Amino acid sequence: SISPIKEIISFLIYTGARLSEVLQAEWQDFDLENGIWHIRIKPDCPTKFGLGWSPKWRKSRDVILFQEALNVLGSMPKLKTFGKISKRDEKGKVVDSTFYPSNFVFPKKETKKLPDGSIKIMYTRLDSIKKSWGSLKERAEVHDLQVKDMRTYFNHTLKSKFGFSSKEAGVYIGNSEEVNNL
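A quick note: this is a predicted structure, and the numbers were derived from the prediction, not measured.

Procedures and definitions
- Residues numbered from 1 in each chain as written.
- Predicted model: local features only at pLDDT ≥ 70, side-chain atom pairs only at ≥ 80, totals over all residues.
- Heavy atoms only, no water.
- Pairing = 2+ DSSP bridges.
- Helix = DSSP H or I, 4+ residues; strand = E, 2+ residues; numbered from the N terminus.
- Phe/Tyr/Trp six-rings, centres within 6.5 Å; stacked < 30°, edge-to-face > 60°.
- Lys NZ or Arg CZ within 6 Å of the ring centre and 35° of its normal.

**Q** So what about the sheet that holds strand β1 (residues 30–31)? Which residues, and what values?
**A** Strand order in the open sheet made by the 3 strands is β1-β2-β5, with antiparallel pairing throughout. A strand with exactly one partner marks an edge of an open sheet, and here the two such strands are β1 and β5 (61–64). Of the strand pairs in this sheet, β1 and strand β2 (residues 36–39) are connected by 2 bridges, and their pairing is antiparallel. When the sheet's bridge partners are listed, D31 is paired in β2 with I36.

This is the structure we're talking about:
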């Protein structure tokens, strides 16, 4: 499978979003005309664990997007995507899967060879960027950078470059003022 790791990292840098918020982002969450991302509870969003997703603390928020974030979204094709939910037996072994239509912004490309030799291409929810992130860091010879450091960087940028207070920056990225000060 192929994931849009460059676009995901760029979007994290330009929004300060949590990785889970980006991986679960669907096109209907965005008002591109007004540059707003509506991060909200989504009861029908297919996740790794079943139907339904919500932001941390179940707190919805609207994020006004910077032009750089809008540019990342503009570079992403609007593909027919699916969320795969695994069905497990009593021992936890995956025995089947159900695919639900979705509109993920940052899906992974999966190819499957069919019995007749043809190739089927599907775009599905990306559950993790762990392997891609590790490969990027290895190629860049960076060892101590975490994905969540993008939030810290963006928070710093909001305060130092744009003059946001800790409270304002916290509201923007979905942190309390106390957490933001840390």
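After presenting the structure, the write-up continues.
**Q** Requested: an account of the packing of aromatic side chains, with residues and values cited.
**A** One pass over the full model with this rule turns up 10 aromatic pairs. Ring geometry for F66 and F162: centres 5.0 Å apart, planes at 35 degrees, overall tilted. Here F162 lies in the loop between α5 (149–160) and α6 (166–173) and F66 lies in the loop between β5 and α3 (67–75), a separation of 96 residues in the sequence. Put simply, the rings of F11, W27, F30, W37 and F106 touch in pairs and so form one group of aromatic residues. Taking NZ or CZ as reference, K78 lies 4.9 Å from the ring centre of W27, over its face.

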